[in-house]
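# Tertiary structure, described
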Amino acid sequence: MRNTLFTICLAWLVALLASAQAPSDGKSYYLPKTEIQFKFLVEKSTYEPGQLCMYADRYMKKSDVAQKPSVTYRILDTKMAPVGIPDTAKHFSLSMDRKYSVGEVYLSDNGILLAINDQPKAMAQEKPFLPAPKQPRLNPQDYMNEDILTAGSTAKMAELTAQEIYDIRESRNMLQRGQADFMPKDGEQMRIMMQGLDTQERALRQAFEGVTDKDTTEVVISYVPTKAVEREMLFRFSSKLGFVDVDDLGGAPYYISIEEEQKAAADPEGGKKDRDDIGLRVNMPAKIKVTLYQQEKPIHTYTLYMGQFGQTESLSGALFGRKQTTKLILNPITGALESIKEVNQ
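Residues numbered from 1 in each chain as written. Predicted model: local features only at pLDDT ≥ 70, side-chain atom pairs only at ≥ 80, totals over all residues. Heavy atoms only, no water.

## Section: the overall build of the chain
From N to C terminus, the chain includes five helices and 12 strands. With 345 residues in all, the chain has 36% of them scored as buried. Across the chain, contacts joining residues at least 24 apart in sequence account for 71% of those joining residues at least 6 apart. Approximately 21,500 Å² of the chain is accessible, and the part contributed by carbon and sulfur atoms is 50%. (Helix = DSSP H or I, 4+ residues; strand = E, 2+ residues; numbered from the N terminus. Buried < 20%, exposed > 50% of the residue type's maximum accessible area, 1.4 Å probe, protein only. Contact = heavy atoms within 4.5 Å. Areas by Shrake-Rupley, 256 points an atom, 1.4 Å probe, with all protein chains shown as cover.)

Spelled out as structure tokens, the structure:
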């Protein structure tokens, strides 16, 4: 009974404190800070040796055919996208006092101020990554004749398979020269016959060369800069394991550097007390240079503006008078003022 009473009292006290802290006549909002999202297209190659791989050099003159399965990874492409996220250090309350013409206030789903008295800026939606559909794998045995399938040894099977490949190549050459015993009647028949020969040769060659399946995925790594850094470890990447932990020395290190190229101009009236302060703040972002390194080599450089670098400026409530009102649109990524229009009432 005593524990139940204590729990009820504690819940009541928390609710009371929350209601005391919540602004009764204001709209709470955040200004954004800029998060960097690196998007990597990573290709995974899975190799399976063919049944006759040990004879590839002897019959097909392929000396580089591996005889053991393997998995390898490589980064095909790198993109960078800035994203606005709430800056908890910039949490404000916008006064909704009736003497100011602050009508419609637009916030993002995560509470970032987007616009006042105007429609917010529409953000382009990037299409999600969709991997290409996988092609069905050919089975070499489906293209082997009876003599190959009933060969008494693997060596004999390899010899007959190689001979079949060379016969297919000879047939293709005869068709191209117009010297085949059975020539196609038209171009479409020619195309179908050539396509059939190519498929058959490709399937039989897999018995020697093996098969490599390739899958491409998108990996997103997010990073929120808070200060200038010089070659800070971002991640490690291994050709055998893909992305690995930053303390795994089996992966090559990738570093990031953040350099402030141009600081935001200071607000000349930033120190003056505004009697029409309604809690309206905007960012004055700074220009930042971001460099991505693969070990010692810089591989990508980006320049963008970030809200967490620079200044925060206060906008006076005088902009929202009774005889005139103002429409504001903020950048959802940087929190900078993008558009301001005065409208006479």
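## Quick notes on unusual backbone geometry
Look at Asn117: it is not a glycine, yet its phi comes out positive at around 60°. Along the chain, Asn117 turns up in the loop between β4 (113-116) and α3 (146-149). Of note, the phi angle at Arg231 is positive, near 55°, even though the residue is not glycine. Mapping Arg231 onto the fold places it in strand β6 (residues 229-238).

## Quick look at the side chain of Ser339
Of note, Ser339 is situated in strand β12 (residues 337-344). Residue Ser339 is classed as buried on the basis of its relative accessible area, which comes to 18%. When near neighbours in sequence (up to four residues on either side) are disregarded, Ser339 contacts Lys327, Leu328 and Ile329.

## Section: the sheet that holds strand β8 (residues 252-262)
Across the sheet, which stays open at both edges, the five strands sit in the order β7-β6-β8-β9-β10 with antiparallel pairing between neighbours. Each edge of the open sheet is held by one strand with a lone partner, namely β7 (242-244) and β10 (297-316). Across the sheet, the mean angle separating the axes of adjacent strands is 35° when strand polarity is ignored. Of the pairings in the sheet, the one linking β6 to β8 comprises six bridges and is antiparallel in character. (Pairing = 2+ DSSP bridges. Axes fitted to C-alpha atoms, helices over the stretch in contact; angles between N-to-C directions.)

## Focus on the packing of aromatic side chains
Overall, the coordinates contain nine aromatic pairs when judged by the stated rule. Between the aromatic rings of Phe40 and Phe235, the centroid separation amounts to 5.1 Å while the plane-to-plane angle is 70°, which identifies the pairing as edge-to-face. With Phe40 in strand β1 (residues 26-48) and Phe235 in strand β6, the pair connects residues that are 195 residues apart, well separated along the chain. Look at Phe235 and you get buried, because its relative accessible area is 3%. (Phe/Tyr/Trp six-rings, centres within 6.5 Å; stacked < 30°, edge-to-face > 60°.)

## Let's talk about the pattern of salt bridges
Applying the stated rule across the entire model yields 13 salt bridges. When the shortest N-O distance is used, the salt bridge between Arg137 and Glu48 registers 3.2 Å. Here the residue Arg137 occupies a position in the loop between β4 and α3, and Glu48 occupies one in strand β1, the gap between them amounting to 89 residues. The partly exposed category is assigned to Arg137, whose relative accessible area is 43%. Relative accessible area serves as the criterion here: at 38%, Glu48 is assigned to the partly exposed category. For Glu159, the salt bridge goes to Lys156, with nearest N and O atoms at 3.8 Å. Here the residue Glu159 and the residue Lys156 both occupy positions in helix α4 (residues 154-177), the gap between them amounting to three residues, near one helical turn. (Salt bridge = Lys/Arg side-chain N within 4 Å of Asp/Glu carboxyl O.)

## Considering the sheet that holds strand β5 (residues 211-223)
Strands sit in the order β2-β1-β5 across an open sheet of three strands; the sheet is antiparallel. Each end of this open sheet is capped by a strand with a single partner; those strands are β2 (70-95) and β5. Neighbour-to-neighbour, the strand axes of this sheet turn through a mean angle of 10°, independent of strand direction. Two strands pair when backbone bridges link them, and β1 and β5 are joined in this way by 13 bridges, in the antiparallel orientation. Residue pairing in the sheet places Ile36 in a bridge with Tyr223 of β5.

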